[in-house]
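This is what each chain is made of:
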Amino acid sequence: MRREEVMEGMWSSACTPEHALGEVVAALSNEDPHTRAGAVQLLFEIPVGGSEKGERGEMWACALVEAGAIVPLLGLVQAVIRDSDDSFKPLVCPENTEAVVQASDFALLVLAEIANVAASFLADEGWDLRYDEVTNRPLFVDEQSGMQQSVPPLLPNILGDWVAATLVDVISLLQPQGVDPTTGTPHWPVHVLHHMPAGSQRLSSLTVMDMAVEEGDVGQYTRVLVRGPWAGFNGSVEGEFDPNESPGNALDSWRDATVVAILMLYLSSRKWENSESPRVLILGLRCGAVPAFLCKHFPGIHVDVVEPDLEVVKIGKEFFDLDFDDECCPSLGADTIVSHLLKPSLKGRYRVWSGISEAGFLELVPNSISYIAVLGDMPDQINYSSPHVHKFQSLLKNVVNAEQGFGVVALIVRQSRRLQELAAAFSCVWYRSSFGALALCDPTYSEPKDAKFHTEQPRVGIERQIPSQGSLEWEMQHFEGVSSAGGVVMCCPLQVSMRNPRLPLHYSDFEAWHPNVTHAPKSSALLTLAESQYPINLPYGVDSVSNIRFHPKALPSLITSNHVFNISYFDTANHDVASQRYPSIRTINKENHALDVVGINGGKGNPEIPWDDIKSARYWQQLLGHELGCGNCPVTAPTYSQVGTYKTDTHRYMNEIKEHGYLWGGVVVPETDTNALAEGVRRLVSAGWPPVCIFMCDLAWSVTERLWTQAETMFGANDAVVLEPTLAAFKLDP
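Scope of this entry: the structure provided in the associated data block. Note that the structure is a prediction, hence the values are computed from the model and not measured. (Residues numbered from 1 in each chain as written. Predicted model: local features only at pLDDT ≥ 70, side-chain atom pairs only at ≥ 80, totals over all residues. Heavy atoms only, no water.)

### A look at unusual backbone geometry
Residues other than glycine seldom take positive phi values, yet F88 does so here, at roughly 60°. Of note in this structure, R286 is not a glycine but carries a positive phi near 50°. Residue position: R286 is located in the loop between β12 (279-283) and α9 (289-297). What makes R286 buried here is its relative accessible area of 7%. (Helix = DSSP H or I, 4+ residues; strand = E, 2+ residues; numbered from the N terminus. Buried < 20%, exposed > 50% of the residue type's maximum accessible area, 1.4 Å probe, protein only.)

Structure (structure tokens):
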């Protein structure tokens with residue numbers, strides 16, 4: 001199909017340039033390679049984002065990113081079979097037809113144009129783009145310091161702007177990182193495995209990609225599921241999967257870890273006395289991480305999963321190694337679904353009810369069946385400001401186990417406003433029959449700009465409207481300050497009475513994760529359902545919990561001290577007992593690669609010293625010796641004028657650097673100081689610490705200051721020398 005025919009087809013059904021762009025992006029995934037090639041060419045001409053026809057500037061590039069064009073363009077480039085021994089040129093083979101290669105070439109040109117726009121943007125931010133002479137991979141150079149890095153920089157000016165961040169990331173996508181040692185094929189930074197464009201049957205695109213692990217070996221990657229446009233290397237994804245681990249071993253997503261953490265903490269405070277095994281309902285399959293984790297670590301729980309999208313079920317089996325019992329609802333009928341529901345899923349396996357909406361499934365659950373928890377994704381099609389959300393809440397309440405006082409709901413919401421609205425709606429509807437709702441957020445993501453204490457006073461003569469207690473507007477004020485990336489809303493929709501007393505989950509319960517979960521009472525439902533020996537051994541734990549105290553706009557006297565909080569986790573595989581007793585303190589390095597490099601203690605870890613001693617200056621003072629000092633002595637910032645006494649030698653040093661590229665000679669640090677530092681390193685190594693801990697002493701920083709001052713003068717930088725955020729120390733054995 002010629003480009004003119006493709007253009008005529010696109011513009012005949014599109015009324016605006018933005019709508020036309022959506023049609024063109026969908027055509028990039030057309031089965032016909034000629035149609036794909038014609039669609040790519042149209043991207044050069046389409047006037048979007050306020051740009052003129054044929055104008056390819058910043059507005060054009062951002063419009064393509066926002067429309068989700070990056071992933072299908074990458075797919076076209078990677079569809080060509082390439083010669084790994086000859087600069088990745090296309091091979092002559094039946095698969096590489098003229099149309100396939102043409103579409104790939106045009107796609108590479110479009111991505112290169114977007115990368116050029118990104119390079120101009122980086123230049124305005126003080127970053128220079130260069131390319132490695134050997135690998136031809138991009139290098140990002142800070143113009144001020146001269147430091148370079150192989151990954152795109154995180155620019156403060158674009159924090160929270162996924163379009164700008166993705167625009168910068170495109171620069172790193174055009175060239176393979178090398179050759180995959182197992183397949184002999186190009187190893188791309190982002191490899192598109194599967195892409196389904198948005199259309200009449202699907203509101204947003206669906207993509208499976210392998211993303212290279214930063215600083216990892218060639219061939220090391222993480223597999224992700226993306227719904228909608230790709231948001232860059234640091235953007236949010238539907239789910240993550242480590243191909244080196246079997247499903248269920250770990251939870252790689254903060255959202256998945258949070259909904260499971262809520263369930264574990266809730267069960268640790270409850271008893272299970274029913275003869276039947278409990279059930280958990282999960283909304284949304286995604287990568288299958290949550291149901292696989294529950295079946296592996298809590299085999300006493302029967303797990304049901306509802307997934308409306310049949311394509312997601314297919315993807316789970318094909319790309320994420322999922323093994324489950326598929327109940328395809330469109331082929332079953334309502335009566336058969338109810339009949340199958342009466343029998344629980346097999347022990348250690350989970351069922352996926354596919355091709356049915358979440359609300360539709362909840363309506364079919366018979367009264368004789370109940371769930372101890374409903375976890376997963378909040379359905380996108382439900383409007384929180386309409387009666388739909390009230391119906392959804394009623395359905396949730398009907399399926400939880402009300403007879404025994406069980407029932408916790410933890411739902412993932414991917415946008416701050418929707419998280420705030422849902423949490424408020426749950427609290428509003430269940431105000432008198434529950435402990436309300438909590439909003440849990442990932443501290444990795446920045447807070448919205450208005451997430452701060454509200455101190456504004458009403459203007460004189462204007463009466464402040466105070467919403468009635470229990471109304472939606474009143475409840476929303478409790479959830480101001482939620483993360484910009486959304487989070488998880490949690491609630492317990494059950495009737496509270498003297499006969500059925502319950503303790504609400506509070507942020508303090510999460511702070512006490514280790515005793516509450518790992519050492520849960522032997523009579524708790526958690527230990528019963530885990531079917532394991534005491535204590536429970538889980539692959540992750542709560543690292544830190546912090547409350548977001550916020551004065552709402554309409555009620556400045558109300559503080560949401562127990563409604564919104566941030567929570568983070570740590571991997572227990574490389575943490576000792578001390579780190580679990582003090583969950584906010586991590587070990588120096590999760591895998592301690594630094595210890596492997598310097599050969600201390602075989603890279604196995606640090607000496608087992610009580611934490612109270614480690615955080616004491618007295619401990620380090622006694623270990624290193626009194627000559628070095630560990631008294632938190634302030635070090636003044638070096639200035640150009642401080643080194644006037646060195647000027648004669650400095651000019652000689654400057655000339656030697658210009659002539660030879662290096663210098664030799666002169667004494668900046670007295671021998672007494674170097675001897676004291678060497679003795680301190682020897683003591684550290686003898687005690688089992690790595691040499692870099694010498695920077696716990698004041699003398700190490702004083703020496704660094706002295707060397708810094710000299711370096712500034714030699715380079716004539718006049719306070720423009722920037723400290724690289726890496727300091728090292730070594731002990732060389734003869």
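Next comes the rest of the write-up.
### Looking at the sheet that holds strand β14 (residues 325-328)
Here we have 10 strands laid out as an open sheet, ordered β14-β15-β13-β12-β16-β17-β19-β18-β21-β20, and mixed in their pairing. Two strands bound the open sheet, and with one partner strand each, they are β14 and β20 (540-547). Neighbour to neighbour, the strand axes of the sheet diverge by 25° on average, direction disregarded. Helix α8 (residues 254-268) contacts β12, β16 (373-377), β17 (408-413), β18 (437-441), β19 (487-491), β20 and β21 (564-571) of the sheet and is inclined by roughly 170° relative to β17. (Pairing = 2+ DSSP bridges. Axes fitted to C-alpha atoms, helices over the stretch in contact; angles between N-to-C directions. Contact = heavy atoms within 4.5 Å.)

### Topic: the pattern of salt bridges
By the definition in use, this model includes 16 salt bridges. R227 is paired through a salt bridge with E238; the nearest N and O atoms lie 3.5 Å apart. Remark: E238 occurs in the loop between β10 (221-227) and β11 (239-241) and R227 occurs in strand β10; sequence separation between them is 11 residues. Note on E238: relative accessible area 9%, which makes it buried. Across the pair R351 and D304 runs a salt bridge, and its minimum N-O distance is 3.0 Å. Linking R351 in strand β15 (residues 350-354) with D304 in strand β13 (residues 302-307), this pair joins segments that are 47 residues apart in sequence. Given a relative accessible area of 5%, R351 falls into the buried group. Linked by salt bridges that have partners in common, R227, E238, D256, R286, D377 and R414 make up one network. (Salt bridge = Lys/Arg side-chain N within 4 Å of Asp/Glu carboxyl O.)

### So, the environment of W127
Within the secondary structure, W127 sits in strand β3 (residues 127-131). When the C-alpha atoms of W127 and D142 are compared, they prove to be 4.8 Å apart, with 15 residues separating the residues in sequence.

### A look at the sheet that holds β10
Taken in spatial order, the four strands line up as β8-β9-β10-β11 in an open sheet, and their pairing is antiparallel. With partners counted over all chains shown, the strands left at the sheet margins are β8 (190-196) and β11, one partner each. For this sheet, the mean inter-axis angle between neighbouring strands, taken without regard to orientation, is 20°. By the bridge criterion, six bridges tie β8 to strand β9 (residues 206-212) in an arrangement that is antiparallel. Within β9, the residue paired with M196 across the bridge is L206. In this fold helix α5 (residues 70-78) packs onto β8 and β9, with an angle of close to 110° to the strand it touches most, β8.

### Brief notes about helix α6 (residues 98-124)
Helix length check: α6 (27 residues) gives 40 Å between terminal C-alpha atoms against 39 Å at 1.5 Å per residue, within 8%. Following α6 by one or two positions, G126 adopts a phi angle in the positive range, close to 90°. (Expected span 1.5 Å × (residues − 1).)

### A look at the packing of helix α4 (residues 58-66) against helix α7 (residues 162-169)
One can describe the packing of α4 onto α7 by two numbers: an axis separation of 9 Å at closest approach and a directional angle of 100°. One element, α4, and the other, α7, form an angle in the roughly perpendicular class. On α7, the residues that touch A61, C62, V65 and E66 of α4 are W162, V163, T166 and L167. In the contact of α4 with α7, the residues fall into six nonpolar, one polar and one charged. (Parallel < 35°, antiparallel > 145°, perpendicular 65-115°, else oblique. Nonpolar A, V, L, I, M, F, W, Y, C, P; charged D, E, K, R; others polar.)

### Description of the side chain of R255
Its place among the elements puts R255 in helix α8. Residues within four places of R255 in sequence aside, it is in contact with S236, V237, I412, R414, A485 and V488.

### Some remarks on the nonpolar core
With 69 residues, the main nonpolar core has L267, L294 and Y350 as its most contacted residues. A per-element tally of this core places α8 first, with 11 residues. Non-local contacts of L294, meaning those with residues more than four positions away in its chain, are made with V260, L263, V280, I282, P299, V303 and L375. L64, L74, L76 and I158 belong to the second-largest nonpolar core, a separate cluster that totals 55 residues. (Core = buried A, V, L, I, M, F, W, Y, C linked by side-chain atoms within 4.5 Å.)

### Some thoughts on the side chain of N96
Note that N96 resides in the loop between β2 (89-90) and α6. According to the relative accessible area criterion, N96 is buried, its value standing at 11%. Separated by 2.9 Å, the side chain of N96 and the backbone oxygen of I81 make a polar contact. Polar contacts involving the side chain of N96 include one to the main-chain carbonyl oxygen of L91, which spans 2.8 Å. In this structure N96 touches A79, V80, I81, P90, L91 and V101, once residues within four positions along its chain are discounted. (Polar contact = N/O pair within 3.5 Å; in protein donor to acceptor, adjacent residues only side chain to side chain.)

### Remarks on the packing of helix α22 (residues 617-624) against helix α24 (residues 671-686)
Two elements in contact, α22 and α24, have axes separated by 8 Å at closest approach and are oriented at 110°. If you check the angle between α22 and α24, you find them roughly perpendicular. In contact with W620, Q622, L623 and L624 of α22, α24 contributes G680, R683 and L684.

### Examining α7
Since the α-helix packs 3.6 residues into each turn, any two residues three or four apart lie on the same face. Along α7, six of the eight residues are buried, which leaves the element largely enclosed by surrounding structure. Where the residues of α7 are buried, they touch α4 and α6. At the N-terminal end of α7, a side-chain oxygen is found 3.3 Å from the backbone nitrogen of V163, two or three residues along, and the residue is D161.

### Thoughts on the pairing of β17
Most of β17 is tucked away, with six of its six residues classed as buried. Burial along β17 is two-sided: the face carrying V408, A410 and I412 and the face carrying V409, L411 and V413 are both buried. Of the strand pairs in this sheet, β16 and β17 are connected by five bridges, and their pairing is parallel. Within β17, the residue paired with L375 across the bridge is A410. Alignment of β17 against β19, held across five bridges, turns out to be antiparallel.

### Quick notes on the packing of aromatic side chains
This model, assessed by the stated rule, comprises eight aromatic pairs. Residues W620 and W689 carry aromatic rings whose centres are separated by 5.1 Å and whose planes lie at 55° to one another, so their mutual orientation is tilted. Of this pair, W620 sits in helix α22 while W689 sits in the loop between α24 and α25 (698-715), placing them 69 residues apart in sequence. Taken together, the ring pairs connect F293, Y540 and Y569 into an aromatic cluster. (Phe/Tyr/Trp six-rings, centres within 6.5 Å; stacked < 30°, edge-to-face > 60°.)

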